[in-house]
Amino acid sequence: MSNKMSVSTVINEGGREGVSKSLNGDFEVKTTGTNKKGYTNPEELFAAGISACFNGAIQFPLERDGLGDRDRTIRAEVALYGDLPDDHTTLHLEIKLIGKIDGVSKEDTLKYMKETDGICPYSKAVHGNIDIDYEAEE
């Protein structure tokens, strides 16, 4: 049995036109479905979460291969698709993760990213539900 490493609780009031905040008070963000300055949307929050988690998880195969000290970035693009207001059943997400590891070729970066797909809790959670496209930059 695995050890529980953390629990994070956030409460949203008002849906997309509302506010999300953590119980401990360390996090609060206004959400919107439009482009309002000072607001975010659920897709941006998801992009922040999956990029941070994936960038942390890619550390494991890099350390195994002696590359754990390399600077790296993971950019997440989360797109929301759908046909509103007529058909809410078409709503779905697509994710593109773009990785860059200093001193590592695009091909090898992509290899590490595909391996990390089976390590990162976020990518494992969405597997089979949300398409993830992986790209690499030099």
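For the protein chain, the name recorded in an unreviewed UniProt entry is Organic hydroperoxide resistance protein, with Tetragenococcus solitarius as its organism.

This brings us to the environment of histidine 92. Among the structural elements, histidine 92 can be located in strand S5 (residues 87-101). On the basis of relative accessibility, which here comes to 38%, the residue histidine 92 falls in the partly exposed class. When the C-alpha atoms of histidine 92 and alanine 79 are compared, they prove to be 8.3 Å apart, with 13 residues separating the residues in sequence. Leave out the neighbours within four places in its chain, and histidine 92 touches Ala79, Leu80 and Tyr81.

Our focus in this paragraph is the side chain of serine 20. Along the chain, serine 20 turns up in strand S2 (residues 19-22). For serine 20, a relative accessible area of 8% translates into the label buried. For serine 20, the side chain forms a polar contact with the side chain of asparagine 12, separated by 3.0 Å. The residues touching serine 20, leaving out its near neighbours within four places in the chain, are Val10, Ile11, Asn12, Phe27, Glu28, Val29 and Thr31.

As for its position among the elements, serine 123 is in helix H4 (residues 121-126). Ignoring anything within four residues of it in the chain, the contact list for serine 123 reads Ile50, Phe54, Thr116, Asp117, Ile132 and Tyr134.

The next thing to look at is helix H3 (residues 106-116). What H3 keeps buried is the set Thr109, Tyr112, Met113 and Thr116. With its buried residues spanning 100° around the axis, H3 presents them on a single face. Facing away from the buried surface of H3 by more than 90 degrees, the exposed residues are Glu107 and Lys114. Tucked inside the fold, the buried residues of H3 contact helix H1 (42-57), helix H2 (59-64), strand S4 (72-83), S5, H4 and strand S6 (131-137).

The rules behind each value
- Residues numbered from 1 in each chain as written.
- Predicted model: local features only at pLDDT ≥ 70, side-chain atom pairs only at ≥ 80, totals over all residues.
- Heavy atoms only, no water.
- Helix = DSSP H or I, 4+ residues; strand = E, 2+ residues; numbered from the N terminus.
- Buried < 20%, exposed > 50% of the residue type's maximum accessible area, 1.4 Å probe, protein only.
- Contact = heavy atoms within 4.5 Å.
- Polar contact = N/O pair within 3.5 Å; in protein donor to acceptor, adjacent residues only side chain to side chain.
- Arc of directions from axis to C-beta.

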